[in-house]
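# An overview of the molecular structure
The lines below spell out each chain.
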Amino acid sequence: MSYFRILLVEDNPDHAQLITDALRNEDPTVLVTHLASGQAALNLLAASQQGEEPKPHLIVMDVNMPGLTGIEVLSRIKRDDTLRVIPTVMLSTSTKESDILSALTAHANSYAVKSSDFDAMERDLGSICSYWRISHHPPGEAA
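Because the structure is predicted, anything quoted here is derived from the model rather than measured. (Residues numbered from 1 in each chain as written. Predicted model: local features only at pLDDT ≥ 70, side-chain atom pairs only at ≥ 80, totals over all residues. Heavy atoms only, no water.)

## Here we look at the packing of helix α2 (residues 38-49) against helix α3 (residues 70-79)
Where α2 contacts α3, the axes come no closer than 9 Å and their chain directions differ by 20°. Comparing the axis directions of α2 and α3 gives the class roughly parallel. Between α2 and α3 lies a crossing whose hand is right-handed. Along the contact surface, α2 presents G38, Q39, L42 and L45, while α3 presents V73, R76 and I77. Here the contact of α2 with α3 is composed, by residue class, of four nonpolar, two polar and one charged. (Axes fitted to C-alpha atoms, helices over the stretch in contact; angles between N-to-C directions. Helix = DSSP H or I, 4+ residues; strand = E, 2+ residues; numbered from the N terminus. Parallel < 35°, antiparallel > 145°, perpendicular 65-115°, else oblique. Left-handed = near helix turned anticlockwise from the far one by under 90°. Contact = heavy atoms within 4.5 Å. Nonpolar A, V, L, I, M, F, W, Y, C, P; charged D, E, K, R; others polar.)

See the structure below:
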C-alpha cells in the first residue's frame, strides 16, 4: 500500500485533531504527522533531507503560530531547492487580504480558511487532499 504523507503544522491541539480527522476521513492511505511548532517542522524536514524521515507529499500549515510563524516557515521551505517542490497549503481563520497576500507572496501553493463548521471544513480539506493526492503529479513520480 502506498501512503500519502501529510505534515500538519498546527499549534492549537483542538484544531489539529479536527484537521487530522478531516484529512484521514478522506482516505485510509493518508498518514498525518502533526507537529505543534514551525521549528519542529523545520527539524523534521531537515531529517527528511538526510533520509532519516520520509519526506511529506503535502504540508498543511497554520499561518499564525507562536515562535516561527507559518509564513516564516513557508519562506524557509521555499528557499530550499529540495523542499520547495513540496506543495504547501496555508490554513488560517483569517480572511484578511494582507494575510492571504503574505502567504501567496511567500509562495504558498494555496491558502485555505478554517471553517467553524466541521462538515464544511471536512469537505474543504477533503478536496484539498484529493487534489494534491490524485490530480497533482510531482516531479520524479509517474503520471
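Next comes the rest of the account.
## Here's the deal with helix α5 (residues 118-135)
Residues that lie three or four places apart on an α-helix share one face, since the helix turns once every 3.6 residues. When the terminal C-alpha atoms of α5 are compared, their 25 Å separation across 18 residues agrees well with the 26 Å that a helix rising 1.5 Å per residue should span. For α5, the set of buried residues is A120, M121, L125, G126, I128, C129, S130 and W132. (Expected span 1.5 Å × (residues − 1). Buried < 20%, exposed > 50% of the residue type's maximum accessible area, 1.4 Å probe, protein only.)

## What to know about the environment of S116
Topologically, S116 is positioned in the loop between β5 (110-113) and α5. Taking the C-alpha atoms as reference points, S116 and L23, 93 residues apart in sequence, are found 16 Å from one another.

## A look at the packing of aromatic side chains
Inspection of the entire model under this criterion finds one aromatic pair. Where Y131 meets W132, the ring centres are 4.8 Å apart and the plane angle is 80°; that geometry is what we call edge-to-face. (Phe/Tyr/Trp six-rings, centres within 6.5 Å; stacked < 30°, edge-to-face > 60°.)

## Quick word on unusual backbone geometry
Positive phi values are uncommon outside glycine, yet H107 reaches one of about 80°. Tracing the backbone through its elements, the reader meets H107 in the loop between α4 (97-105) and β5. A relative accessible area of 56% means that H107 is categorised as exposed.

## Remarks on the pairing of strand β4 (residues 88-92)
Of all five residues that make up β4, five are buried, and the element is covered over most of its length. Residues T88, M90 and S92 of β4 are buried on one face, and the alternating residues V89 and L91, pointing to the opposite face, are buried as well. As judged from the four bridges shared by strand β3 (residues 58-62) and β4, these two strands associate in the parallel manner. Residue pairing for β4: I59 is matched across the bridge by T88. With α3 bridging β3 and its parallel neighbour β4, the resulting β-α-β unit is right-handed. (Pairing = 2+ DSSP bridges. Right-handed = clockwise from strand over helix to strand, strands pointing away.)

## Describing the nonpolar core
Formed by 23 residues in total, the largest nonpolar core has its most connected members in L7, V9, L45, I59, M61, I77 and M90. Contributing elements (two or more residues each) for this core: β1 (4-9), α2, β3 and α3. Look past the residues within four positions of L7 in its chain and what remains in contact with it is T33, L35, A41, L44, L45, P56, L58, I59 and V60. With 19 residues, the next largest nonpolar core counts F4, I6, I19 and V32 among its residues. (Core = buried A, V, L, I, M, F, W, Y, C linked by side-chain atoms within 4.5 Å.)

## Remarks on the pairing of β3
Burial analysis of β3 places five of its five residues in the buried class, which makes it a mostly covered element. Alternating residues of β3 divide into L58, V60 and D62 and I59 and M61, and every residue in both groups is buried. Bridge count for β1 against β3 is four bridges, and the pairing is parallel. Looking across to β3, one finds that L7 is bridged to I59.

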